[in-house]
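# Breakdown of the fold
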There are 2 protein chains.
Amino acid sequence: MGLIVQKFGGTSVRDRDRIFNVARIVANTRNAGNDVVVVVSAQGDTTDDLIQKAAEITSDPSEREMDMLLNSGEMISISLLAMALMEIGVPAVSLTGWQAGFQTDRAYSKARIKRLECERIESELARNRVVVVAGFQGLNKMEDLTTLGRGGSDTSAVAIAAALHADRCQIFTDVEGVYTADPRKLPNARKLEEITFDEMLELASLGAQVLNNRSVELAKKYNVELEVLSSLNPVPGTLVKEATKAMEGMLIKGVAKDEDVAVVTLVGVPDVPGTSFKVFSLLAQKKINVDIILQSTGRDGNKDLIFTVPRSEAENTRKLLDENVSRFGGSEVEIKTGVAKVSIVGAGMQSHFGVAAKMFEALSENQINIQMISTSEIKISVIIDQKDADRAVNAIHAAFIH
Amino acid sequence: MGLIVQKFGGTSVRDRDRIFNVARIVANTRNAGNDVVVVVSAQGDTTDDLIQKAAEITSDPSEREMDMLLNSGEMISISLLAMALMEIGVPAVSLTGWQAGFQTDRAYSKARIKRLECERIESELARNRVVVVAGFQGLNKMEDLTTLGRGGSDTSAVAIAAALHADRCQIFTDVEGVYTADPRKLPNARKLEEITFDEMLELASLGAQVLNNRSVELAKKYNVELEVLSSLNPVPGTLVKEATKAMEGMLIKGVAKDEDVAVVTLVGVPDVPGTSFKVFSLLAQKKINVDIILQSTGRDGNKDLIFTVPRSEAENTRKLLDENVSRFGGSEVEIKTGVAKVSIVGAGMQSHFGVAAKMFEALSENQINIQMISTSEIKISVIIDQKDADRAVNAIHAAFIH
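All of these numbers come straight from a predicted model, not from anything done at the bench.

## Here's the deal with the nonpolar core
Of all hydrophobic cores here, the largest spans 78 residues; its most connected members are L81(A), L85(A), V130(A), L81(B), L85(B) and V130(B). In this view, L81(B) contacts I19(B), V22(B), A23(B), V38(B), V40(B) and V132(B); residues no more than four positions away in its chain are not counted.

## Side note on the packing of helix α5 (residues 152–163) of chain A against helix α7 (residues 213–221) of chain A
All names here are of chain A. Following both chains from N to C, one finds α5 and α7 inclined at 15°, their axes separated by 8 Å at the closest point. Taken together, the axes of α5 and α7 are roughly parallel relative to one another. In this structure, α5 crosses over α7, and the sense of that crossing is left-handed. Along its contact with α5, which presents D154, T155, V158 and A159, the element α7 presents R214, S215, L218 and A219. When its residues are assigned to classes, the contact of α5 with α7 shows 4 nonpolar, 2 polar and 2 charged.

## Some thoughts on the interface of chain A and chain B
The partner chain B presents 43 residues to the 43 residues of chain A that form the contact. Between chain A and chain B lies a buried interface of about 3400 Å² when both sides are counted; carbon and sulfur atoms form 66% of it. If you look at where chain A meets chain B, you find 2 salt bridges. In this structure, the salt-bridge partner of D144(A) is R120(B), at a minimum N-O distance of 2.8 Å. Joining chain A to chain B, the criterion identifies 16 residue pairs in polar contact (both at pLDDT 80 or more). When contributions to the side of chain A that touches chain B are tallied by element, the ones reaching two or more residues are α1 (16–31), α2 (46–57), α3 (63–87) and β3 (92–95) of chain A.

## Comments concerning helix α2 (residues 46–57) of chain B
Residue and element names in this part refer to chain B. For α2, spanning 12 residues, the distance from its first C-alpha to its last is 17 Å, which sits close to the expected 16 Å at 1.5 Å a residue. Restricting attention to buried positions, one finds in α2 the residues T46, L50, A54 and I57. Angularly, the buried residues of α2 cover 75° about the axis, an arc narrow enough to put them on a single face.

Rules used throughout
- Residues numbered from 1 in each chain as written.
- Chains lettered and ligands numbered in written order.
- Predicted model: local features only at pLDDT ≥ 70, side-chain atom pairs only at ≥ 80, totals over all residues.
- Heavy atoms only, no water.
- Core = buried A, V, L, I, M, F, W, Y, C linked by side-chain atoms within 4.5 Å.
- Buried < 20%, exposed > 50% of the residue type's maximum accessible area, 1.4 Å probe, protein only.
- Contact = heavy atoms within 4.5 Å.
- Axes fitted to C-alpha atoms, helices over the stretch in contact; angles between N-to-C directions.
- Helix = DSSP H or I, 4+ residues; strand = E, 2+ residues; numbered from the N terminus.
- Parallel < 35°, antiparallel > 145°, perpendicular 65-115°, else oblique.
- Left-handed = near helix turned anticlockwise from the far one by under 90°.
- Nonpolar A, V, L, I, M, F, W, Y, C, P; charged D, E, K, R; others polar.
- Buried area = accessible area lost by both parts, 1.4 Å probe.
- Salt bridge = Lys/Arg side-chain N within 4 Å of Asp/Glu carboxyl O.
- Polar contact = N/O pair within 3.5 Å; in protein donor to acceptor, adjacent residues only side chain to side chain.
- Expected span 1.5 Å × (residues − 1).
- Arc of directions from axis to C-beta.

Treat this as a map of the structure, not an account of what it does.
Encoded structure:
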């Protein structure tokens, strides 16, 4: 007898047949002797349809009203799934985010969970029901509806698993697990049996969007064992946990590509203490995420500050820096798009010599030029031309994963 | 400076253009110096689409889950209308039924309002906002979402108007007011300037479905002045109030037709005290509404009990009476469909001689046979063949309304 939290995304509940498919997975888990809490997203294109409806009204919708609008989406999927469960003989009850006890801050459209009061979920479990919870949703102190932002349903599921001390949190998707590279593009990508939270975090941030980063961070914080698996193909998925057993011959866990990146160069800033602080604290204030940072060697008392931002923030960054470039003492702002970040991730690799060299060799053999390099304990990233990105992933994958 | 509650049905907010049309009506009301609370239903076919989704899952959905599902509909329309109001410069905020303070009993799908706590609405009005409230919705003691059943949004609007002591409650529809007959069928039907609550109740129950009966009863109870008017054509509508001024030459307020009727005859029951009580208390227990009741003169110690029920209840009634006919001492149950009820309504007519005679004359001149007659203070109804119903309405209307 255990307690399992299962999360299903919008594709998994997009129509009647898919809903019954989910209901059967839940029923099987329950028949195996487990209590089950199910977290679901809005059906298929519901959220996009709702956003479209708002776009017809205004180009600048109130975020509060947008959250009110979007909250309707999961109410449809949770009630339909609860009906499907009852239809196949499984007692079930649906709960909205606020009914399930999700209390958030006021940040509409990207609210953070402040508290989760699970009394209602627990009392429904005690009545021997499967509890179907709307992911993505919360309620703020004003008693207004909020949403948790992109990937919010994963976060909802992990939060429930943490609060209820569930035995496992299963995240069902349309892929069978976490792969060493995107399996749609690289047929010999390998599915991982296990991966650590840290590795998963690096892979997620690199564009291998299987799991949302916030949910992995939350799982790591409360040590919730995650499993990523397919809702259509009933095979074991990938376990995400604190520490993993070594996989033979496997130095790295994945190769990932991220095209949402732009390189910013602030030319000729004074090579004096405090320059970087001024620049990056301004960007932080404006909530622009800076990733890789390089700094050229100072010459003539000046240096260049080079860093990457999400491509969607490139224009904001240019505007912000143009307004402030003279204050920083710089001479020019250059923005370069058309680049991509390719990275390898693996918790074991820092103890192996030659990992970076092997990566660079694979790129060199394919005449791919490296523009920037960044390394961390479990990751090596390079910035290259976007047009070379897929070739680079292939070459690196072939070099490391056999 | 007044306070106006305005209610718009699903057709009035069915798409972007209609939503902006509503927003402009609200803006005009506000610019005239009024505080405004707007109550809206779900858009166009949303509710039907949601019911269809549930029907694909199960033929017997849980009423609780059905209410969860349907509650999503108004969340879409209220948030879109609030956005449209802000887009044209009117500060606005949307509230779900529970946020607006609607507390109901547990009767899912047809919940009754137990309490309405208006603090949130009042505080939003105090902040100078138009408050857009989801009609039809409530929350029960379990903190589960409920719906108020058919016509529930009208009831929500009247309840708010009553609780806030609003100056008027305007019910916007796709007709310009209350007519002496259905204007789509009878082009010379006249729009009424005013009608009493009682007259409106009779007309509503007779199938002139402009206003839901529960909302009129509530308006009468709390003396909320209602106005029925068009959301597309900005002309004065019909006022529904306690007492009306006389309209010259107007003996009756309307002619209505109701085809949802079946005539039940319980043949040969003993002509002794208590028979009617037994029969009608049984029907009441089973929540079958009995309308007109006739009783034949007793002969040979037996009599026939004849009454009407909604046609949708005809089969239930037959089954129930068949099971009990011997207990009642009757010999047979006959059900007759293919009939219609045609009625005239008017609070003044009881003091005028000859109203009934004039009605019967109009029918007689058109060779329409009367099967049953029922009269009350403000209404005369006849049961006739369904095929004669439209001719009957025309003839009676022509006789009374010039």
